[in-house]
Each structure stands twice: as structure tokens, then as C-alpha cells.
Amino acid sequence: MDRKILARKALDMRKFSYAPYSGFRVGAALLTADGKLYTGCNIENAAYTPTNCAERTAFFKAVSEGERNFQAIAIAGGPEGAKEPLELCSPCGVCRQVMMEFCDPETFEVILVRSEEEYQVYLLKELFPQGFGPGNLKESGDRR
Ligand code: THU
């Protein structure tokens, strides 16, 4: 799938963001290895810590429906009412760790979106170097 389509979807998903506390709306579009699209937005909470980022919303929707293999995620975020092109919105550390669980850091693309035309593409390994993942546990003897 075209990165431009992913970028547009991430931008559009900002409209569903539930962000009454930060006013910062984030949308995400996650592409599975076989070309299916799962979307997400950030979902905040009055108790603050239960807040879920857009990226994790998309991952948890997909994984809960049986998906395990992914090729790319597009992320678009900015203050409510911000016009395109947005400032780049880079995933938080917790979301990078979740990506590490399900994605190959050598190939998984993280697309940081400013507009449909303007985005920057990173590999997960660039944003999360030396990340700890499932492979680390396998190498030390998997007891599951
Ligand atoms: N947020 C995301 O959803 N994704 C990011 O990549 C950065 C931060 C959300 C969490 C919170 O609802 C708001 O943005 C401000 O941190």
C-alpha cells in the first residue's frame, strides 16, 4: 500500500482522538504484512495514566483480531485545530517497545506524517536501537 494512503488515514484518524486533557490529537494507521489496515487514535482518561496512544490502539486492535505480522505504521499528531502540515509526532517509548514485540526492527517502517505529501520514514531499529524484544528471551531459553 502506498505510504501516501497510510499518511492520509493517520491524519484522518485524528478526528476520533479523545484528548480532552492534552488537546493533542493523534491518529495512526497500521499496515499488516498481508496488506490489511488497522487504525487508531489516542484515548485519554481523567485518571491520566490509563491513556492509550494512537499507535497502541492500532496495535491492540490488530493483535486482538489475530494479526501478528506488520510492515508499517503511519503516525500523525498535533494540537487540536492544527493545520497541515503538522509538526512531526514521534512515538513514545512505550509504543516503541510494543512495536518491538510484534515487528522486525530491521524492516518495520515508522512513517511520521506532516501531511499527505510530507512525511519521514524510519526503520524501527533507527528509533529504537538495541531494543529488547522476544528474540532476547528465546536466546536465553524459552520457558513458556
Ligand atoms: N500520544 C500518542 O497518541 N502518540 C504519540 O506518538 C505521542 C503521544 C498521545 C498521548 C496523549 O493522549 C497525548 O498524545 C499527549 O501526550
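Preceding block: the structure.
All of these numbers come straight from a predicted model, not from anything done at the bench.

Criteria and cut-off values
Residues numbered from 1 in each chain as written. Predicted model: local features only at pLDDT ≥ 70, side-chain atom pairs only at ≥ 80, totals over all residues. Heavy atoms only, no water. Disulfide = S-S within 2.5 Å. Helix = DSSP H or I, 4+ residues; strand = E, 2+ residues; numbered from the N terminus. Buried < 20%, exposed > 50% of the residue type's maximum accessible area, 1.4 Å probe, protein only. Polar contact = N/O pair within 3.5 Å; in protein donor to acceptor, adjacent residues only side chain to side chain. Contact = heavy atoms within 4.5 Å. Near = heavy atom within 4 Å. Areas by Shrake-Rupley, 256 points an atom, 1.4 Å probe, with all protein chains shown as cover. Nonpolar A, V, L, I, M, F, W, Y, C, P; charged D, E, K, R; others polar. Pairing = 2+ DSSP bridges.

## Notes on the state of the cysteines
Next, step 1: This structure, assessed with the given rule, holds zero disulfides.
Next, step 2: Just so you know, Cys103 is unpaired, no disulfide at all, and the nearest cysteine sulfur is the one on Cys95, 12 Å from it.

## Description of the side chain of Thr32
Next, step 1: Position of Thr32 relative to the elements: it lies in strand β1 (residues 24–32).
Next, step 2: For Thr32, a relative accessible area of 0% puts it in the buried group.
Next, step 3: Of note is the side chain of Thr32, whose polar atom sits 2.7 Å from the side chain of Asp34.
Next, step 4: Discounting residues that sit within four places of it in the chain, Thr32 has contacts with Tyr38, Glu67, Asn69, Phe70 and Gln71.

## Examining the site of the ligand
Next, step 1: As a matter of local geometry, the ligand sits amid 13 residues, with Asn42, Glu44, Cys53, Ala54 and Glu55 nearest to it.
Next, step 2: Within the backbone of Ala54, a nitrogen or oxygen atom sits 2.9 Å from an oxygen atom of the ligand.
Next, step 3: If the ligand stood free it would expose 370 Å²; the protein chains cover 80% of that surface.
Next, step 4: Listing elements by their share of the shell around the ligand, those giving two or more residues are β1 and α2 (54–63).
Next, step 5: By residue class, the composition of the shell around the ligand is seven nonpolar, four polar and two charged.

## A word on the pairing of strand β2 (residues 37–41)
Next, step 1: Of all five residues in β2, four are buried, a share of seventy percent or more.
Next, step 2: Across five bridges, the pairing between β1 and β2 is antiparallel. The residue of β2 that forms the bridge with Leu31 is Leu37.
Next, step 3: Linking β1 to β2, which pair antiparallel, is a turn of four residues; within it Gly35 sits at a positive phi near 90°.

Treat this as a map of the structure, not an account of what it does.
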